[in-house]
Amino acid sequence: MLSVQKNSMSKGLADQIMVQKPYNIIFDLEEYGDESIRGKVKNEFLSANECGPISCSEAGRHIAILGSIALSRKSNSKNYHLATYADLKRKTRSTGNGNILKLQAKIFSFSTKYSEIIGAISDTNNQIIYETTVKYKTLSQPLFSRLFSPFKYPATINNNTSPYRKRRQLSDIQITENKVTAVYGNILPNECEGHFADYPALPVAIVGNTLGELAIALFLFHNSAYSKAIVLACKINAYRLAFHGEYLTMRGEVKSKNEGRSMWVFCEAMVNSNVMAAAEIEVAGVENSDN
């Protein structure tokens, strides 16, 4: 194995990323000479019907943040690295609990406008749970401020509890045969704490989590033998940010079934009837799950 120089991530480099606590909760950051980076994270959220050790959307959240930290090393100025696409694949069907998880990410391609990383999240025994590819669009801080000036919110946000640990539940979930719809409602600034400073936007990973919940609900509706499920794969495109004050709804539709063992669902999240994110999600049932 090639030996690669390792260094602890300096506070300055870590602070250069544009998402902060409580959204970014990665610790023990280490950078390597091959443009890769590693860290650790505590799993802080799991939907009621999705088995762990970590949900697909949370895996995507942490890997995307880690990847943006790696990208921040390439510039001396502050930039917004906005995740526009992620392709996640589950590598194990083990559903055991795990409090501390390991992250790794490496830059696959880089430019001043578009970049891509590859990453993975593992348990403490180095068993990979999810592997992913994440693509980013980079905006400079001045350009970001100009584009999204209507959504500026200079008031301080300081929740007593992280909004990513205690989340709003979807409402008005309606399932009719192969389709499902739900309402998130008006996005509140305090639900976006740490993402981004002065411009609160609901993270794509949180949107992805709600889409995953819809896909799982649709799977369980058609497969009553299961009470819980896992996401085997997810491809998600984020077309725009969803800012505070905007109204968010979701819908999903079965695309294909695999004899009751798994199901592909196409889901969309809409801001005022305009699609802001879309995902293709493969869901499988879990028997005798550990969580």
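All of the points below concern the structure found in this document. Owing to the predicted nature of the structure, the values given are computational and were not obtained by experimental measurement.

Remarks on the overall build of the protein chain
In step 1: Scanning the protein chain from N- to C-terminus turns up 4 helices and 15 strands.
In step 2: Its C-alpha radius of gyration of 18 Å places the protein chain within 12% of the 19 Å reference for a compact globule of 291 residues.
In step 3: When the backbone C-alpha atoms are referred to their principal axes, the protein chain occupies close to 55 × 50 × 35 Å.
In step 4: Counting contacts in the protein chain only where the partners sit at least 6 residues apart, residues at least 24 apart contribute 70% of the total.
In step 5: As presented, the protein chain carries roughly 13,800 Å² of accessible surface, and 46% of it is formed by carbon and sulfur atoms.
In step 6: Of the side-chain charges in the protein chain, 33 are positive and 27 negative, and the distance between the mean point of each set is 4 Å.

Some thoughts on the environment of Ser-77
In step 1: Residue placement: Ser-77 occurs in the loop between helix H2 (56-72) and strand S4 (79-90).
In step 2: By relative accessible area, which is 39% here, Ser-77 ends up partly exposed.
In step 3: One polar contact links Ser-77 to Ser-75, side chain to side chain, over a distance of 3.0 Å.

A closer look at the packing of aromatic side chains
In step 1: Going through the model one piece at a time under the given rule, you end up with 9 aromatic pairs.
In step 2: Aromatic pair Tyr-80 and Phe-196: ring centres 5.2 Å apart, planes at 80°, arrangement edge-to-face. You can see Tyr-80 sitting in strand S4 and its partner Phe-196 sitting in the loop between strand S9 (179-186) and strand S10 (201-202), a full 116 residues away along the chain.
In step 3: Relative accessible area serves as the criterion here: at 3%, Tyr-80 is assigned to the buried category.
In step 4: Given the relative accessible area of 7%, Phe-196 is considered buried.
In step 5: With centroids separated by 4.4 Å and ring planes inclined at 10°, the aromatic side chains of Phe-151 and Phe-243 adopt a geometry described as stacked. One end of the pair, Phe-151, is in the loop between helix H3 (141-147) and strand S8 (171-176); the other, Phe-243, is in strand S12 (residues 242-243), with 92 residues separating them in the sequence.
In step 6: Through a chain of ring-to-ring contacts, three or more aromatic side chains come together here, namely Tyr-80, Phe-144, Phe-148, Phe-151, Phe-196, Tyr-199 and Phe-243.
In step 7: Taking the ring centre of Tyr-32 as reference, the NZ or CZ of Arg-38 above it sits at 4.7 Å.

A few points about the side chain of Glu-116
In step 1: The topology assignment puts Glu-116 in strand S6 (residues 114-122).
In step 2: The side chain of Glu-116 sits in the buried core without any salt bridge; Lys-135 is the nearest counter-charge, 4.7 Å away.
In step 3: Residue contacts for Glu-116: discarding those within four places in its chain leaves Lys-106, Ile-107, Phe-108, Ser-109, Thr-133, Val-134 and Lys-135.

Re the pairing of S6
In step 1: For S6, a buried count of 7 out of 9 residues is recorded, marking the element as mostly surrounded by other parts of the structure.
In step 2: Note that strand S5 (residues 100-109) and S6 share 7 bridges and pair antiparallel. Counterpart to Ile-107 in the pairing with S6 is Ile-117.
In step 3: Where S5 folds back on S6, the antiparallel hairpin that results is connected by 4 residues.
In step 4: As defined by bridge partners, S6 adjoins strand S7 (residues 128-140) across 9 bridges and the pair is classed as antiparallel. When the sheet's bridge partners are listed, Ser-122 is paired in S7 with Ile-128.

Description of the environment of Ile-69
In step 1: With respect to the helices, strands and loops of the structure, Ile-69 is situated in helix H2.
In step 2: As for Ile-69 and Gln-104, which are separated by 35 residues in sequence, their C-alpha atoms are 11 Å apart.

Here is what the cut-offs are and how they apply
- Residues numbered from 1 in each chain as written.
- Predicted model: local features only at pLDDT ≥ 70, side-chain atom pairs only at ≥ 80, totals over all residues.
- Heavy atoms only, no water.
- Helix = DSSP H or I, 4+ residues; strand = E, 2+ residues; numbered from the N terminus.
- Rg over C-alpha atoms; globule rule 2.2 N^0.38 Å.
- Contact = heavy atoms within 4.5 Å.
- Areas by Shrake-Rupley, 256 points an atom, 1.4 Å probe, with all protein chains shown as cover.
- Lys, Arg positive; Asp, Glu negative; His and termini not counted.
- Charge placed at Lys NZ, Arg CZ, Asp CG, Glu CD.
- Buried < 20%, exposed > 50% of the residue type's maximum accessible area, 1.4 Å probe, protein only.
- Polar contact = N/O pair within 3.5 Å; in protein donor to acceptor, adjacent residues only side chain to side chain.
- Phe/Tyr/Trp six-rings, centres within 6.5 Å; stacked < 30°, edge-to-face > 60°.
- Lys NZ or Arg CZ within 6 Å of the ring centre and 35° of its normal.
- Salt bridge = Lys/Arg side-chain N within 4 Å of Asp/Glu carboxyl O.
- Pairing = 2+ DSSP bridges.

These results come straight from atomic positions and should not be treated as a statement about function.
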